[in-house]
Amino acid sequence: MAKRGPTYICQACGAVYHRWQGKCDACGTWSSLSEEAQAAPVPGGGRPSSGGRARGRIFALESLKGETQDAPRIVSGIAELDRVTGGGFVPGSVLLIGGDPGIGKSTLLMQACAAMAMTGRRVVYVSGEESTGQVRLRAQRMGLAEAPVDLAAETNIEDIIATLGQGERPALVVIDSIQTMWSSEVESAPGTVTQVRGSAQALIRYAKTSGACMILVGHVTKDGQIAGPRVVEHMVDAVLSFEGEGAHAFRILRGQKNRFGATDEIGVFEMTGAGLSEVSNPSALFLAGRDQDAPGAAVLASIEGTRPVLVEIQALVAPSALGTPRRAVVGWENSRLAMVLAVLETHGGLKLGQHDVYLNVAGGLRVGEPAADLAVAAALISSLTGAILPSGAVHFGEIALSGAIRPVSVAAARLREAAKLGFESAVLPAAGADIGDGNGLKLRRLSHVGELVAEIAASAPRARSRQPAAQADR
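Because the structure is a prediction, the values reported are computed rather than measured.

A.B. asks: How should I be thinking about helix α2 (residues 105-117) in this particular structure?
C.D. replies: Side chains three or four residues apart in an α-helix point the same way, a direct result of the helix having 3.6 residues per turn. For α2, with 13 residues, the first-to-last C-alpha span of 18 Å sits near the 18 Å given by 1.5 Å per residue. Within α2, 12 of the 13 residues are buried, which leaves the element mostly enclosed by the surrounding structure. Turning to α2, its buried residues are Lys105, Ser106, Thr107, Leu108, Leu109, Met110, Gln111, Ala112, Cys113, Ala114, Met116 and Ala117.

A.B. asks: Please explain the environment of Arg73 as it appears in this structure.
C.D. replies: Positionally, Arg73 belongs in the loop between β5 (54-55) and α1 (79-85). Spatially, the C-alpha atoms of Arg73 and Ser447 are 46 Å apart, while their sequence positions differ by 374 residues. Each residue touching Arg73, except ones within four places of it in the same chain, is listed here: Thr85, Gly86, Gly87, Gly88, Phe89, Val90, Phe260 and Gly261. Separated by 3.2 Å, the side chain of Arg73 and the backbone oxygen of Thr85 make a polar contact. A distance of 2.3 Å separates a polar atom in the side chain of Arg73 from the backbone oxygen of Phe260.

A.B. asks: Would you mind going over the packing of helix α8 (residues 334-347) against helix α11 (residues 449-458) with me for this structure?
C.D. replies: Running from amino to carboxyl end, α8 crosses α11 at an angle of 80°, the nearest separation of the two axes being 10 Å. It follows that α8 is roughly perpendicular to α11 by the angle criterion. Residue-level inspection shows Val343, Leu344 and His347 of α8 in contact with α11, the latter providing Val449, Gly450 and Val453. Residues that form the contact of α8 with α11 fall into these classes: four nonpolar, two polar and no charged.

What counts as what
Residues numbered from 1 in each chain as written. Predicted model: local features only at pLDDT ≥ 70, side-chain atom pairs only at ≥ 80, totals over all residues. Heavy atoms only, no water. Helix = DSSP H or I, 4+ residues; strand = E, 2+ residues; numbered from the N terminus. Expected span 1.5 Å × (residues − 1). Buried < 20%, exposed > 50% of the residue type's maximum accessible area, 1.4 Å probe, protein only. Contact = heavy atoms within 4.5 Å. Polar contact = N/O pair within 3.5 Å; in protein donor to acceptor, adjacent residues only side chain to side chain. Axes fitted to C-alpha atoms, helices over the stretch in contact; angles between N-to-C directions. Parallel < 35°, antiparallel > 145°, perpendicular 65-115°, else oblique. Nonpolar A, V, L, I, M, F, W, Y, C, P; charged D, E, K, R; others polar.

So, in structure tokens, the structure goes:
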């Protein structure tokens, strides 16, 4: 048998190479390759036949027809967390939650463990980063010290699984974090791709065989992706991302993958001195304290998962003293902003090439749907002309490269949320599904971005309202 040579694995994406090189060809990361021992073949993995070759076991095949039952759920006691997971934890499922350091992952999971433990279920919290004393201090600060949660500080996977097998089967197991775990069956350092993959596989196998729900906490890279091999995200049943800015008190739990529920669902929390508190009405929270008499602010009626959320889009357009104007975006895509600016210049008659443009989604929410195009365009036009948009109006619609305003989905739910919060009118695409009376809102339907420019510029102060027309004549 030929001797196996060294194997180099990229710690960012998990690509395998047989010789070292400075840059990973798969993900483009520099100095991320490290030498790791190859996994030994599994003893007894094949069944030798009389000819000496391994043969498989024949299993039965089934048809698509048949009775199906909804997966049973274990309610965590935190409504926003249950919303993202699809109604609660499914026994035997494995969840992976990631987020920036200090964002509140351990705080949220400690609150969920305490809430479930108070219902009489066995809950185990295994920390690989902190000692039991540090975890107890956090629980005391949040007033959860009396919750009957089984606590341990351990990193060896074989010891953890052996301990979990003693006594009553746990309903929930939290591993904080998967990057600190290591298995004696894998010849590699803790935190490497091989160890993370092997440890996750052992924990997933235990969850599937025992019926316990497993939550794995994962570190993130500087790009916001969960560290470790991408295959771990495919192995688990759900991937949750905990988002937020350090300067804001709001935290958003977003579902990126869920085999037992909808994806892209969000749960909103607010960081307080006693931990994370649920926000049942995020629209009112994101719109609180907005300046209704300032130009450059438009309210977007957005959809996050199945939940309508109203958020303020803030724009500042100012003359630039630089040869290359600045384009700064927080909470939205840079490429999407560049497209909207190009459409406004080409089809709206505005000249923004000599202006700095700053765009911000208030409250720390990250918006990714194209329906924000119309609200962004309205905020940009308002800031450039000095016109103040009506405070009781919401905007939503997708802008095409031709300048046409295209319809978006779930318009009725957006209007219903706006009416519930006291808004009086809505600016939306002319085409789209029938929405009836629009929940009592005054609807302003637009078919082209030029109509939006003309409408906002007409309400601008006279000294600045000439600016778009004068620039368009150049």
